[in-house]
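Listed below are the residues making up each chain.
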Amino acid sequence: MLIPIIGWIIFGLIVGALARLIYPGRQNLGIVKTTLLGVVGSFVGGFLAFLLFGGSVMQASGWIGSIIGAVAVLAIATRWNRSPQQTMTH
């Protein structure tokens, strides 16, 4: 039971770090939030794969789908956290 959880944590950290490298700009995320970004991105990528190809709704995705999902989550979170002054000047 512990080994799969450790695997998900390592997988999430790698995927989250890759998503942060791909997405432009500075993100103020620590190691825990980066890991959560990767894990959530994996499920978002799996959900997008479900919409496109069918299968199970709550499936995890592979590497590429996970990275795409994590970048999408990061983009949404970055836009969501902007203050009104930042959105008006950009």
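Residues numbered from 1 in each chain as written. Predicted model: local features only at pLDDT ≥ 70, side-chain atom pairs only at ≥ 80, totals over all residues. Heavy atoms only, no water.

A.B. asks: Would you mind going over the UniProt feature "transmembrane region" (unreviewed entry) in the chain in detail, with residue names and values included?
C.D. replies: This chain's UniProt record puts "transmembrane region" (unreviewed entry) on residues 6–23, 35–54 and 60–80. A distance of 26 Å separates the end C-alpha atoms of residues 6–23, which is 94% helix and 0% strand. The annotated region residues 35–54 carries 95% helix and 0% strand content, and the separation between its end C-alpha atoms amounts to 27 Å. (UniProt positions renumbered as here; feature names shortened; annotations may be inferred. Helix = DSSP H or I, 4+ residues; strand = E, 2+ residues; numbered from the N terminus.)

A.B. asks: Got a sec to walk through the side chain of T34? Specific residues and values, please.
C.D. replies: With respect to the secondary-structure elements, T34 resides in helix α2 (residues 31–53). For T34, a relative accessible area of 4% gives the class buried. A polar contact is formed between the side chain of T34 and the backbone oxygen of G30, at a distance of 2.7 Å. The contacts of T34, once residues within four sequence positions are left out, are G12, L13, G16, A17, R20 and L29. (Buried < 20%, exposed > 50% of the residue type's maximum accessible area, 1.4 Å probe, protein only. Polar contact = N/O pair within 3.5 Å; in protein donor to acceptor, adjacent residues only side chain to side chain. Contact = heavy atoms within 4.5 Å.)

A.B. asks: Give me the environment of I64: which residues, what numbers.
C.D. replies: Here I64 shows up in helix α3 (residues 63–80). Linking I64 and V15, residues 49 residues apart in sequence, is a C-alpha distance of 9.0 Å.

A.B. asks: An account of the packing of aromatic side chains is needed here, citing residue identities and associated values.
C.D. replies: The description of two aromatic rings rests on the distance between their centres and on the angle between their planes. Overall, the coordinates contain four aromatic pairs when judged by the stated rule. Here the aromatic rings of W8 and F43 are separated by 5.4 Å at their centres, their planes lie at 10°, and the arrangement is stacked. With W8 in helix α1 (residues 2–22) and F43 in helix α2, the pair connects residues that are 35 residues apart, well separated along the chain. Ring plane angle 35° and centroid distance 6.0 Å describe the contact between F47 and F50, whose orientation is recorded as tilted. Separated by three residues within a single helix, F47 and F50 lie in helix α2, roughly one turn from each other. For F47, a relative accessible area of 36% translates into the label partly exposed. Aromatic rings pair up to connect W8, F11, F43 and W63 into one cluster. (Phe/Tyr/Trp six-rings, centres within 6.5 Å; stacked < 30°, edge-to-face > 60°.)

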